[in-house]
Amino acid sequence: MGQPLDEAGLDTIFRTARSYNGYTDAPVTEADIRAIYDLLKMGPTATNQQPARFVWCLSQAAKDKLAEQASGSNAPKIRAAPAAVIIGMDREFHEHLPQLFPHVDARPWFADPAGREVSAFRNSSLQGAYFIIAARALGFDTGPMSGFDNAKVDAAFFADTPNVKSNFIATLGVGDPASIFGRLPRPEFEQFNTIG
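Residues numbered from 1 in each chain as written. Predicted model: local features only at pLDDT ≥ 70, side-chain atom pairs only at ≥ 80, totals over all residues. Heavy atoms only, no water.

Going by what an unreviewed UniProt entry lists, the chain is known as Malonic semialdehyde reductase and is assigned to Sphingomonas tagetis.

Now the structure itself:
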(Lines give C-alpha, C1' and ligand atoms only; values in the text may rest on other atoms or scores of the structure.)
Protein backbone atom coordinates (compact mmCIF):
# COMPACT_ATOMS: atom_id res chain seq x y z
CA MET A 1 0.00 0.00 0.00
CA GLY A 2 1.22 3.47 -0.85
CA GLN A 3 1.83 6.17 1.73
CA PRO A 4 -0.72 8.98 2.10
CA LEU A 5 0.20 12.27 0.49
CA ASP A 6 1.16 15.04 2.86
CA GLU A 7 -1.12 18.05 3.35
CA ALA A 8 0.67 20.06 0.67
CA GLY A 9 0.19 17.26 -1.86
CA LEU A 10 -3.51 16.99 -1.06
CA ASP A 11 -3.86 20.76 -1.44
CA THR A 12 -2.07 20.70 -4.80
CA ILE A 13 -4.32 18.03 -6.26
CA PHE A 14 -7.64 18.78 -4.56
CA ARG A 15 -8.19 21.30 -1.79
CA THR A 16 -6.62 24.48 -3.16
CA ALA A 17 -6.54 23.44 -6.82
CA ARG A 18 -8.96 25.30 -9.07
CA SER A 19 -10.25 25.30 -12.63
CA TYR A 20 -8.75 28.33 -14.34
CA ASN A 21 -10.15 30.79 -16.87
CA GLY A 22 -6.78 32.38 -17.65
CA TYR A 23 -3.08 31.66 -17.38
CA THR A 24 0.32 33.27 -16.94
CA ASP A 25 2.77 33.45 -19.84
CA ALA A 26 4.60 30.31 -18.62
CA PRO A 27 4.80 27.94 -21.59
CA VAL A 28 3.61 24.36 -21.87
CA THR A 29 6.11 22.25 -23.83
CA GLU A 30 6.00 18.89 -25.54
CA ALA A 31 8.10 17.53 -22.68
CA ASP A 32 5.43 18.77 -20.25
CA ILE A 33 2.54 17.08 -22.05
CA ARG A 34 4.53 13.85 -22.38
CA ALA A 35 5.12 13.92 -18.62
CA ILE A 36 1.40 14.51 -18.00
CA TYR A 37 0.46 11.63 -20.30
CA ASP A 38 3.01 9.30 -18.71
CA LEU A 39 1.24 9.85 -15.38
CA LEU A 40 -2.38 9.80 -16.53
CA LYS A 41 -2.00 6.56 -18.50
CA MET A 42 -1.29 4.78 -15.21
CA GLY A 43 -4.82 5.41 -13.93
CA PRO A 44 -7.14 2.39 -14.10
CA THR A 45 -9.58 1.77 -16.93
CA ALA A 46 -11.81 -1.28 -17.42
CA THR A 47 -9.80 -4.15 -18.97
CA ASN A 48 -7.00 -1.59 -19.36
CA GLN A 49 -8.85 -0.43 -22.46
CA GLN A 50 -7.26 3.07 -22.47
CA PRO A 51 -9.89 4.49 -24.87
CA ALA A 52 -8.93 8.17 -24.54
CA ARG A 53 -7.23 9.81 -27.50
CA PHE A 54 -5.62 13.17 -26.77
CA VAL A 55 -5.03 16.00 -29.21
CA TRP A 56 -2.64 18.48 -27.62
CA CYS A 57 -2.99 21.95 -29.12
CA LEU A 58 0.31 23.70 -28.46
CA SER A 59 0.57 25.90 -31.56
CA GLN A 60 -1.52 29.04 -31.94
CA ALA A 61 -2.93 27.61 -35.18
CA ALA A 62 -4.18 24.48 -33.40
CA LYS A 63 -5.66 26.52 -30.54
CA ASP A 64 -7.39 28.85 -33.02
CA LYS A 65 -8.79 25.84 -34.89
CA LEU A 66 -10.22 24.45 -31.66
CA ALA A 67 -11.51 27.86 -30.53
CA GLU A 68 -13.54 28.14 -33.75
CA GLN A 69 -15.63 25.20 -32.53
CA ALA A 70 -16.15 26.59 -29.01
CA SER A 71 -19.09 28.56 -27.72
CA GLY A 72 -19.41 31.87 -25.92
CA SER A 73 -16.56 32.83 -23.65
CA ASN A 74 -14.71 29.55 -24.18
CA ALA A 75 -13.20 30.58 -27.53
CA PRO A 76 -11.04 33.43 -26.16
CA LYS A 77 -9.98 31.25 -23.22
CA ILE A 78 -8.68 28.61 -25.63
CA ARG A 79 -6.91 31.14 -27.86
CA ALA A 80 -5.15 32.81 -24.93
CA ALA A 81 -4.14 29.64 -23.04
CA PRO A 82 -0.60 28.28 -23.36
CA ALA A 83 -2.14 24.96 -24.46
CA ALA A 84 -5.43 23.18 -24.93
CA VAL A 85 -6.30 19.51 -25.19
CA ILE A 86 -9.13 17.52 -26.71
CA ILE A 87 -9.97 14.38 -24.77
CA GLY A 88 -11.44 12.04 -27.35
CA MET A 89 -12.72 8.48 -27.13
CA ASP A 90 -11.93 5.63 -29.49
CA ARG A 91 -15.09 3.60 -30.03
CA GLU A 92 -12.95 0.81 -31.49
CA PHE A 93 -10.67 0.61 -28.44
CA HIS A 94 -11.23 -3.14 -28.26
CA GLU A 95 -8.95 -3.64 -31.27
CA HIS A 96 -6.02 -2.66 -29.02
CA LEU A 97 -6.89 -5.09 -26.23
CA PRO A 98 -4.51 -7.85 -27.45
CA GLN A 99 -1.69 -5.41 -26.63
CA LEU A 100 -3.21 -3.78 -23.53
CA PHE A 101 -4.96 -6.82 -21.97
CA PRO A 102 -2.82 -9.70 -23.29
CA HIS A 103 -3.71 -12.52 -20.90
CA VAL A 104 -7.09 -13.21 -22.56
CA ASP A 105 -8.80 -12.19 -25.80
CA ALA A 106 -11.27 -9.64 -24.41
CA ARG A 107 -12.39 -8.27 -27.77
CA PRO A 108 -15.58 -10.41 -27.84
CA TRP A 109 -16.62 -8.80 -24.55
CA PHE A 110 -17.09 -5.55 -26.50
CA ALA A 111 -18.78 -6.93 -29.63
CA ASP A 112 -21.86 -4.73 -29.15
CA PRO A 113 -21.18 -1.25 -30.60
CA ALA A 114 -23.64 0.48 -28.27
CA GLY A 115 -22.11 -1.09 -25.17
CA ARG A 116 -18.64 -0.35 -26.48
CA GLU A 117 -19.50 3.35 -26.90
CA VAL A 118 -20.79 3.53 -23.32
CA SER A 119 -17.55 1.95 -22.10
CA ALA A 120 -15.42 4.26 -24.25
CA PHE A 121 -17.24 7.30 -22.89
CA ARG A 122 -17.04 6.19 -19.26
CA ASN A 123 -13.38 5.23 -19.36
CA SER A 124 -12.20 8.18 -21.45
CA SER A 125 -13.97 10.42 -18.91
CA LEU A 126 -11.92 8.70 -16.21
CA GLN A 127 -8.78 9.36 -18.21
CA GLY A 128 -9.80 12.98 -18.59
CA ALA A 129 -10.01 13.21 -14.81
CA TYR A 130 -6.60 11.58 -14.54
CA PHE A 131 -5.31 14.26 -16.93
CA ILE A 132 -6.51 16.98 -14.54
CA ILE A 133 -4.91 15.28 -11.54
CA ALA A 134 -1.64 14.58 -13.39
CA ALA A 135 -1.41 18.17 -14.61
CA ARG A 136 -1.96 19.47 -11.09
CA ALA A 137 0.59 17.03 -9.67
CA LEU A 138 3.18 18.43 -12.10
CA GLY A 139 2.48 22.07 -11.25
CA PHE A 140 -0.01 22.94 -14.02
CA ASP A 141 -3.63 24.04 -13.96
CA THR A 142 -6.52 23.19 -16.24
CA GLY A 143 -9.82 24.63 -17.39
CA PRO A 144 -12.03 21.70 -18.43
CA MET A 145 -15.06 22.63 -20.49
CA SER A 146 -17.91 21.18 -22.48
CA GLY A 147 -19.06 24.36 -24.23
CA PHE A 148 -18.16 23.37 -27.78
CA ASP A 149 -19.69 21.70 -30.82
CA ASN A 150 -18.68 18.03 -30.67
CA ALA A 151 -19.55 17.34 -34.31
CA LYS A 152 -17.47 20.28 -35.53
CA VAL A 153 -14.51 19.33 -33.32
CA ASP A 154 -14.74 15.76 -34.61
CA ALA A 155 -14.79 17.00 -38.22
CA ALA A 156 -11.87 19.36 -37.61
CA PHE A 157 -9.63 17.02 -35.62
CA PHE A 158 -10.78 13.42 -36.12
CA ALA A 159 -11.76 13.31 -39.79
CA ASP A 160 -9.05 10.72 -40.50
CA THR A 161 -10.06 8.62 -37.48
CA PRO A 162 -13.87 8.36 -37.67
CA ASN A 163 -14.02 5.90 -34.77
CA VAL A 164 -12.71 8.64 -32.46
CA LYS A 165 -15.16 11.20 -31.11
CA SER A 166 -14.59 14.12 -28.76
CA ASN A 167 -15.60 13.81 -25.12
CA PHE A 168 -14.54 17.12 -23.58
CA ILE A 169 -11.81 19.74 -23.91
CA ALA A 170 -9.60 21.68 -21.51
CA THR A 171 -7.13 24.50 -21.41
CA LEU A 172 -3.76 23.94 -19.78
CA GLY A 173 -1.07 26.13 -18.28
CA VAL A 174 0.01 27.84 -15.07
CA GLY A 175 -3.15 29.45 -13.77
CA ASP A 176 -3.53 33.18 -13.22
CA PRO A 177 -5.25 33.65 -9.83
CA ALA A 178 -6.88 36.85 -11.11
CA SER A 179 -8.92 34.78 -13.60
CA ILE A 180 -10.97 32.85 -11.04
CA PHE A 181 -13.84 33.57 -8.67
CA GLY A 182 -14.11 32.49 -5.06
CA ARG A 183 -14.47 28.74 -4.54
CA LEU A 184 -18.02 27.50 -4.93
CA PRO A 185 -19.66 25.54 -2.10
CA ARG A 186 -18.96 21.86 -1.64
CA PRO A 187 -21.51 19.58 0.08
CA GLU A 188 -20.93 17.96 3.42
CA PHE A 189 -20.72 14.17 3.51
CA GLU A 190 -24.23 13.75 4.93
CA GLN A 191 -25.87 15.59 2.03
CA PHE A 192 -24.97 13.17 -0.78
CA ASN A 193 -23.71 10.02 0.90
CA THR A 194 -25.23 6.99 2.53
CA ILE A 195 -23.59 4.11 4.34
CA GLY A 196 -25.12 0.65 3.98
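The discussion continues.
1. Structural notes on the environment of Asp 112
Structurally, Asp 112 is set in the loop between α5 (97-100) and α6 (113-137). Given a relative accessible area of 47%, Asp 112 falls into the partly exposed group. A C-alpha to C-alpha distance of 18 Å links Asp 112 and Pro 98, two positions 14 residues apart in sequence. In this structure the side chain of Asp 112 is engaged in a polar contact, spanning 2.8 Å, whose partner is the backbone nitrogen of Gly 115. (Helix = DSSP H or I, 4+ residues; strand = E, 2+ residues; numbered from the N terminus. Buried < 20%, exposed > 50% of the residue type's maximum accessible area, 1.4 Å probe, protein only. Polar contact = N/O pair within 3.5 Å; in protein donor to acceptor, adjacent residues only side chain to side chain.)

2. Considerations on the side chain of Ser 119
Mapped onto the elements, Ser 119 comes out in helix α6. Residue contacts for Ser 119: discarding those within four places in its chain leaves Gln 49, Phe 93 and Phe 110. (Contact = heavy atoms within 4.5 Å.)

3. Description of unusual backbone geometry
A positive phi angle, close to 50°, is found at Thr 47, a residue other than glycine. Along the chain, Thr 47 turns up in the loop between α2 (30-40) and β1 (52-57). Classification of Thr 47 as buried rests on a relative accessible area of 17%. Backbone geometry places Asn 48, a non-glycine residue, at a positive phi of 50°. With respect to the secondary-structure elements, Asn 48 resides in the loop between α2 and β1. Judged by its relative accessible area of 30%, Asn 48 is partly exposed.

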